[in-house]
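One letter stands for each residue in the lines below.
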Amino acid sequence: MMESWVRFSAQSQAKERVFRAAQYACTLLGYTLQKGGARAELLNTIKQLEAHMSLTRKLLRLGNSAEALEAAKRTVHLSDCVLRLCITVAHLNRAMYFACDNVLWAGKTGLLPELDQNKWSQRSFRYYLFALILNLTRDAYEIHLLMERESRSSAAKSLNSSPSPLTPSPENGGEFPLTPSPLPALPVISARLNKQIQLLITVLRSNPPLLLDLLKNLCDVFIPLDRLGLYPTGSGFVGACGLTSSVLSILTIVHPWLKLKP
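Quick summary incoming for the structure in this document. (Residues numbered from 1 in each chain as written. Predicted model: local features only at pLDDT ≥ 70, side-chain atom pairs only at ≥ 80, totals over all residues. Heavy atoms only, no water.)

Regarding the overall build of the protein
Here is step 1: When helices and strands are tallied, the protein shows eight helices and zero strands.
Here is step 2: The N-to-C order of helical and strand elements in the protein reads α-α-α-α-α-α-α-α.
Here is step 3: In the protein, which comprises 262 residues, the share counted as buried stands at 34%.
Here is step 4: For the protein, the share of sequence-separated contacts (at least 6 apart) that also reach a separation of at least 24 residues comes to 72%.
Here is step 5: Here the protein displays about 16,700 Å² of accessible surface, and carbon together with sulfur accounts for 64% of that area. (Helix = DSSP H or I, 4+ residues; strand = E, 2+ residues; numbered from the N terminus. Buried < 20%, exposed > 50% of the residue type's maximum accessible area, 1.4 Å probe, protein only. Contact = heavy atoms within 4.5 Å. Areas by Shrake-Rupley, 256 points an atom, 1.4 Å probe, with all protein chains shown as cover.)

The following block contains the structure:
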């Protein structure tokens, strides 16, 4: 019974991601057609198709709130306190986001005709934004840990591979080394910055799940920022970000090893 439910949930999630990609593709297409001077009838058709995709997604996410709560129960036992806080609170916010989404679905289908859809939509996007901020915090924390580990590993390899020369002294006929002149501040900062960038690229290249999760969250965060009016970017940019993050999510479903754990 549990195995059947897990399979059904995975199939619903995959379908929801496909509909999400189609919804944001319609958003991007509508923006492009509008800029190109398309007819009003065609633009209305695209908007209606986008609305149908959104409603279908809400139907497919009716059980996601309970799943997010179950995920929060699992992550509350993580040993790392930062990961435990970020992931668990993110799941709780996702649960609230999906609950608001369910209420919106009821309003759009006529089950709650008196519902203030704008109010519930804003509430939903606030929970969504906070969940994404926590996800990005988790990504940054994991990147920081991996960069520190890679830096220590590189330093250890460099120390083991480099020979230890004899220090010149008057006793062995050598001369005391000259004290190096301090380098200018700007070249030092530039060198350190380049080193950190190279380290970041190395870490992300060797951890595809972390890279995909970071890119997906960065794309997604512009959607609630635009909808809440905190950072308006326009429907074209929102459509492009939503489509990109949806494709990345589909990749993690097709190839489960690309999904960041826990």
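Still to come is the rest of the account.
Quick look at the nonpolar core
Here is step 1: Ranked by internal contacts, the top residues of the largest apolar core, which has 22 residues, are Ile143, Leu210 and Val221.
Here is step 2: Contributing elements (two or more residues each) for this core: α4 (81–108), α5 (117–161), α6 (185–205) and α7 (208–227).
Here is step 3: The biggest single contributor to this core is α5, with eight residues.
Here is step 4: Contacts of Val221, omitting those with residues within four sequence positions, involve Leu129, Leu132 and Leu136. (Core = buried A, V, L, I, M, F, W, Y, C linked by side-chain atoms within 4.5 Å.)

Here's the deal with helix α3 (residues 64–75)
Here is step 1: Between its terminal C-alpha atoms α3 stretches 16 Å, which fits the 16 Å expected from 12 residues at 1.5 Å a residue.
Here is step 2: When α3 is considered as a whole, its buried residues turn out to be Asn64, Ser65, Ala68, Ala71, Ala72 and Thr75. Looking down the long axis of α3, one finds its buried residues gathered within 115° of arc, a one-sided arrangement. Within α3, the exposed residues directed more than 90 degrees away from the buried face are Lys73 and Arg74.
Here is step 3: Elements in contact with the buried residues of α3: α2 (40–60) and α4. (Expected span 1.5 Å × (residues − 1). Arc of directions from axis to C-beta.)

So, the packing of aromatic side chains
Here is step 1: Scanning the model with the defined rule gives four aromatic pairs in all.
Here is step 2: An angle of 15° between the planes, with centres 4.8 Å apart, marks the rings of Tyr97 and Tyr128 as stacked. Of this pair, Tyr97 sits in helix α4 while Tyr128 sits in helix α5, and the two are 31 residues apart along the sequence. For the residue pair Tyr97 and Tyr128, the accessibility class agrees, reading buried in each case.
Here is step 3: In this arrangement the basic side chain of Arg123 is found over the ring face of Trp120, its NZ or CZ atom lying 4.5 Å from the centre. (Phe/Tyr/Trp six-rings, centres within 6.5 Å; stacked < 30°, edge-to-face > 60°. Lys NZ or Arg CZ within 6 Å of the ring centre and 35° of its normal.)

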